[in-house]
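So the chains spell out like this:
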Amino acid sequence: MLHDGRRVAALIQGDGFGEIALLRDVARTATVRAMTDVETLRLVRPAFLAAVTGSPHSSRAAESMVGSRLQALAHD
C-alpha cells in the first residue's frame, strides 16, 4: 500500500484493503499497487457494513484495524 507515494504496508494473500473508506464513508486513504497477478473481490458498502457490524466482536476488530492503519499513516 502506498500513501503519498511511500510504501506503508505490504499485503499478502488473504489481506484486504479499502475498509476505511467502507466503514467511514470517506475517500480512500492509500493506493494499492499489485506487483504480481492478483484476483480481487469487490464488496459493496451496505453488504460490508452489515457483515462487519453484525456482531460486537467483528465491529470492534474492524475499528481496531482502522485505528491501526490510520495511526500508521499519521507516522508516515
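Scroll up to find the structure this text is about.
Draft legend 1. Broad picture of the layout of surface pockets. As a volume, the largest pocket reaches approximately 1400 Å³. In this structure, the largest pocket is lined by 40 residues; those nearest its centre are L11, D15, G16, F17 and V32. Mapped onto the lining of the largest pocket, the elements with two or more residues apiece are helix 1 (19-24), helix 2 (45-52) and helix 3 (56-74). Among the residues making up the lining of the largest pocket, the classes are represented as 23 nonpolar, eight polar and nine charged.

Draft legend 2. Quick look at the pattern of salt bridges. Summed over the entire model, instances satisfying the criterion amount to two salt bridges. Taking the shortest distance from any N to any O, the salt bridge between E19 and R69 comes out at 2.8 Å. Of the two residues, E19 is situated in helix 1 and R69 in helix 3; the sequence distance between them amounts to 50 residues. Residue E19 is classed as buried on the basis of its relative accessible area, which comes to 8%.

Draft legend 3. A look at the nonpolar core. With seven residues, the main nonpolar core is built from I20, L22, L23, F48, V52, A62 and V66. Elements with a contribution of two residues or more to this core: helix 1, helix 2 and helix 3. It is helix 1 that provides the largest number of residues to this core, a total of three residues. Filtering out sequence-adjacent residues up to four positions away, I20 remains in contact with D25, V26, T29, V66, R69 and L70.

Scoring rules and cut-offs
- Residues numbered from 1 in each chain as written.
- Predicted model: local features only at pLDDT ≥ 70, side-chain atom pairs only at ≥ 80, totals over all residues.
- Heavy atoms only, no water.
- 1 Å grid on protein atoms, 1.4 Å probe; cavity = no way out; pocket = protein on both sides within 12 Å on 5 of 7 lines; lining within 4 Å.
- Points joined across faces, edges and corners; volume = space filled by probe spheres on them.
- Helix = DSSP H or I, 4+ residues; strand = E, 2+ residues; numbered from the N terminus.
- Nonpolar A, V, L, I, M, F, W, Y, C, P; charged D, E, K, R; others polar.
- Salt bridge = Lys/Arg side-chain N within 4 Å of Asp/Glu carboxyl O.
- Buried < 20%, exposed > 50% of the residue type's maximum accessible area, 1.4 Å probe, protein only.
- Core = buried A, V, L, I, M, F, W, Y, C linked by side-chain atoms within 4.5 Å.
- Contact = heavy atoms within 4.5 Å.

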